[in-house]
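A structural walkthrough
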Amino acid sequence: MPDDSSSPIAHFSAWRVTRLAAIAAIAVCVASCAAIRIGYNNADTLALLQLDSYLDLTDEQEQTCKERLNALLAWHRTTQLRDYIALIDKMRAKLGGPVTAADVIDFNQQLNARMMTAADKAAPDIAHVALTLSPEQIDRAAKKVASDATKARREFVRLENESGAERAKKYGERAESWFGKLTDEQIEIIRKSLANRPTDATWWIDERERRQREFLSLLRKIQADRPTEEVAARWLRTYFTHLNVAPEAERRARAESYRRGSAELIAQLINHATPAQRAAIDKKLNDYAQDFRSLAASNG
């Protein structure tokens with residue numbers, strides 16, 4: 001289903017691995033099952049390529065990252081995927097009746113909890129690599145993050161200037177990847193919902209850039225202070241916790257307001273779904289569950 005992208009993160013690829021493992025693998029995205037299998041089975045290579053593009057890894061760092069990524073993904077494959085299947089099955093059962101905004105929020109919270117489990121597991125590995133980084137490597141990452149942010153902000157500003165009709169059309173297209181063709185009633189639900197709340201595009205890009213700056217600052221602190229790996233991992237876990245729940249009350253309230261609005265819209269669309277649309281959603285979810293069973297049984 002359309003999601004609210006509640007944890008956008010576009011910087012350190014080791015964190016991206018945990019995101020791939022813990023949330024993309026749940027299939028909140030709309031990629032095909034084949035694409036998920038390919039991405040999951042090649043996550044170590046993809047993450048290593050991204051890490052190198054940000055940090056220009058030394059040969060020793062590259063070997064260390066490869067070994068730790070392989071171990072992390074092996075842990076995830078053998079201990080986490082069947083739990084994701086159970087979560088999907090719970091969601092399928094819920095779709096059989098009326099769905100509330102609270103149900104959607106609860107599902108998102110369960111996704112976040114699984115992402116945090118993977119982040120907690122990955123923290124010592126990220127700490128180990130962070131302790132090997134040079135100031136020059138962190139500077140390189142900062143420049144690439146800044147370049148990425150400039151492109152992202154340009155796109156977000158463009159979205160901010162779109163008309164209500166354009167926003168509703170794009171949201172509808174994303175919804176149709178799950179529901180199939182929307183009814184006129186569902187299209188009107190989307191139009192009214194989006195008209196009653198701001199785009200929040202600028203706020204979201206500000207939030208993402210803040211998180212990126214905080215992460216780069218943490219890398220610099222680790223590099224400068226040279227803590228033990230255990231202490232560095234603890235700092236990273238605190239950072240990941242704040243990604244999920246911002247420490248400032250104003251940031252938390254803004255995020256919760258946006259998520260509540262998105263959850264209410266998703267619940268309305270499901271509750272106004274035709275039998276054929278519900279069957280389409282159920283089939284897609286079942287396909288993902290079967291895909292995870294295959295991945296869990298595979299050695300990669």
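All values derive from a computational prediction rather than experimental measurement. (Residues numbered from 1 in each chain as written. Predicted model: local features only at pLDDT ≥ 70, side-chain atom pairs only at ≥ 80, totals over all residues. Heavy atoms only, no water.)

A closer look at the overall build of the chain
What counts here: Helix and strand assignments follow DSSP, with helices taken as H or I runs no shorter than four residues and strands as E runs no shorter than two, numbered in order from the N terminus. Each residue gets one of three labels from its accessible area relative to the maximum for its type: buried under 20%, exposed over 50%, partly exposed in between, using a 1.4 Å probe on protein chains only. Only heavy atoms matter for contacts: two residues are in contact if any of them lie within 4.5 Å across the pair. Reported accessibility uses the Shrake-Rupley method at a 1.4 Å probe radius. Residues are deemed covered only where the shown protein chains occlude them.
Broken down by element type, the chain carries 13 helices and zero strands. The order of helices and strands in the chain, counted from the N terminus, is α-α-α-α-α-α-α-α-α-α-α-α-α. In the chain, which comprises 300 residues, the share counted as buried stands at 47%. Here the contacts in the chain between residues at least 6 apart in sequence split such that 85% fall between residues at least 24 apart. Surface summary for the chain: the accessible area is close to 14500 Å², and the carbon and sulfur share equals 53%.

Let's talk about the side chain of Q61
Our working definition: What qualifies as a polar contact is a pair of N or O atoms within 3.5 Å, subject to a donor-acceptor requirement within protein and to the restriction that residues adjacent in sequence count only when both atoms come from side chains.
Following the sequence through the fold, Q61 ends up in helix α4 (residues 59–79). Q61 sits in the buried class, given a relative accessible area of 7%. Within the local environment of Q61, its side chain forms a polar contact with the side chain of Q137, the two groups lying 2.7 Å apart. Apart from residues no more than four positions distant in its own chain, Q61 is found in contact with T132, L133 and Q137.

A short note on the packing of helix α8 (residues 164–179) against helix α13 (residues 275–297)
Formally: With axes taken as lines fitted to C-alpha atoms, and helix axes fitted only over the stretch in contact, angles between N-to-C directions fall between 0 and 180 degrees. When describing relative orientation, an angle under 35 degrees is termed roughly parallel and one over 145 degrees roughly antiparallel, while 65 to 115 degrees is termed roughly perpendicular and anything else oblique. Asp, Glu, Lys and Arg are counted as charged, while Ala, Val, Leu, Ile, Met, Phe, Trp, Tyr, Cys and Pro are counted as nonpolar; the rest, among them Gly, fall into the polar class.
Viewed as axis vectors pointing N to C, α8 and α13 meet at an angle of 75 degrees, and their least axial separation amounts to 8 Å. By the angle class used here, α8 and α13 are roughly perpendicular. On α13, the residues that touch S177, W178 and F179 of α8 are Q277, A280, I281, K284, L285 and Y288. Its residues assigned to classes, the contact of α8 with α13 shows six nonpolar, two polar and one charged.

Description of the packing of aromatic side chains
Keep this limit in mind: In summary, the pairing rule links any two rings of Phe, Tyr or Trp, Trp by its six-membered ring, whose centres are within 6.5 Å, and it sorts them by plane angle into stacked for under 30 degrees, edge-to-face for over 60 and tilted for everything else. Lysine and arginine charges are scored as sitting over a ring when NZ or CZ, respectively, is within 6 Å of the ring centre and within 35 degrees of the ring normal.
Under the criterion given, the structure shown has three aromatic pairs. By the ring-pair criterion, three or more aromatic residues cluster together here, those being F215, Y239 and F240. One residue, K221, lies across the ring of W235, its end atom 4.7 Å from the ring centre. For K284, the ring lying beneath its charged end belongs to W178, and the centroid distance is 5.4 Å.

What about the confidence of the model for the chain?
Test applied: Confidence of the predictor in every single residue is expressed as pLDDT, which spans 0 to 100.
The predicted model of the chain averages 83 in pLDDT, with 85% of residues at 70 or higher. For the chain, the element scoring lowest by mean pLDDT is helix α1 (residues 13–24), at 37; helix α11 (residues 229–244) scores highest, at 94. A low-confidence stretch, residues 1–32 (pLDDT under 50), is modelled with 109 contacts involving residues beyond four sequence positions or located in other chains.

Things to note about the nonpolar core
We count it as follows: Nine residue types can take part in a nonpolar core, namely buried Ala, Val, Leu, Ile, Met, Phe, Trp, Tyr and Cys, and a core is a set of them joined through side-chain atoms within 4.5 Å.
With 37 residues, the main nonpolar core has Y171, F179, I190, L265, L269, L285 and F292 as its most contacted residues. For this core, the secondary-structure elements that each account for two or more residues are α5 (81–94), α6 (101–130), α8, α9 (184–195), α12 (249–271) and α13. Of the residues forming this core, the biggest block, seven residues, is contributed by α13. With residues up to four places along the chain from it excluded, the contact list for I190 reads A168, Y171, G172, L182, L265 and L269. Counting residues in hydrophobic clusters, the runner-up holds 36 residues, among them A119, I126, A130 and L216.

Observations concerning α5
In plain terms, the rule: Working rule for helices: expected span equals 1.5 Å times residues minus one. By construction, the arc corresponds to the directions joining the helix axis to the C-beta atoms.
For α5, built from 14 residues, the straight-helix expectation of 20 Å at 1.5 Å per residue is met to within 8% by its first-to-last C-alpha distance of 20 Å. All of the buried residues in α5 are L81, Y84, I85, L87, I88 and M91. Down the axis, α5 shows its buried residues gathered within 160 degrees of arc, on one side only. Facing away from the buried side of α5 by over 90 degrees, the exposed positions are R82, K90 and A93.

Some remarks on the pattern of salt bridges
Selection criterion: A side-chain nitrogen of Lys or Arg and a carboxyl oxygen of Asp or Glu constitute a salt bridge if their distance falls within 4 Å.
Considering all chains together, one arrives at 20 salt bridges under this definition. As a salt-bridge pair, R92 and D282 come within 2.8 Å of each other at their nearest N and O atoms. Placement of R92 in helix α5 and of D282 in helix α13 is noted, with a sequence separation of 190 residues between them. Taking relative accessible area as the criterion, D282 reaches 27% and is therefore assigned partly exposed. For the salt bridge of D103 with K94, the shortest nitrogen-to-oxygen distance reads 3.5 Å. With relative accessibility at 43%, the residue K94 sits in the partly exposed group. Each of E207, R210, R211, E214, E248 and R251 takes part in a single network of salt bridges with overlapping partners.

Focus on α12
Over its 23 residues, α12 runs 32 Å from end to end, which matches the ideal 33 Å to within 8%, given 1.5 Å per residue. For α12, every residue scored as buried is listed here: R251, A255, Y258, R259, G261, S262, A263, L265, I266, A267, L269 and I270.

Some details on the environment of Q212
Inspection of the secondary structure assignment puts Q212 in helix α10 (residues 201–225). What makes Q212 buried here is its relative accessible area of 3%. Counting along the chain gives 66 residues from Q212 to A146, while the straight-line C-alpha distance between them is 9.1 Å.

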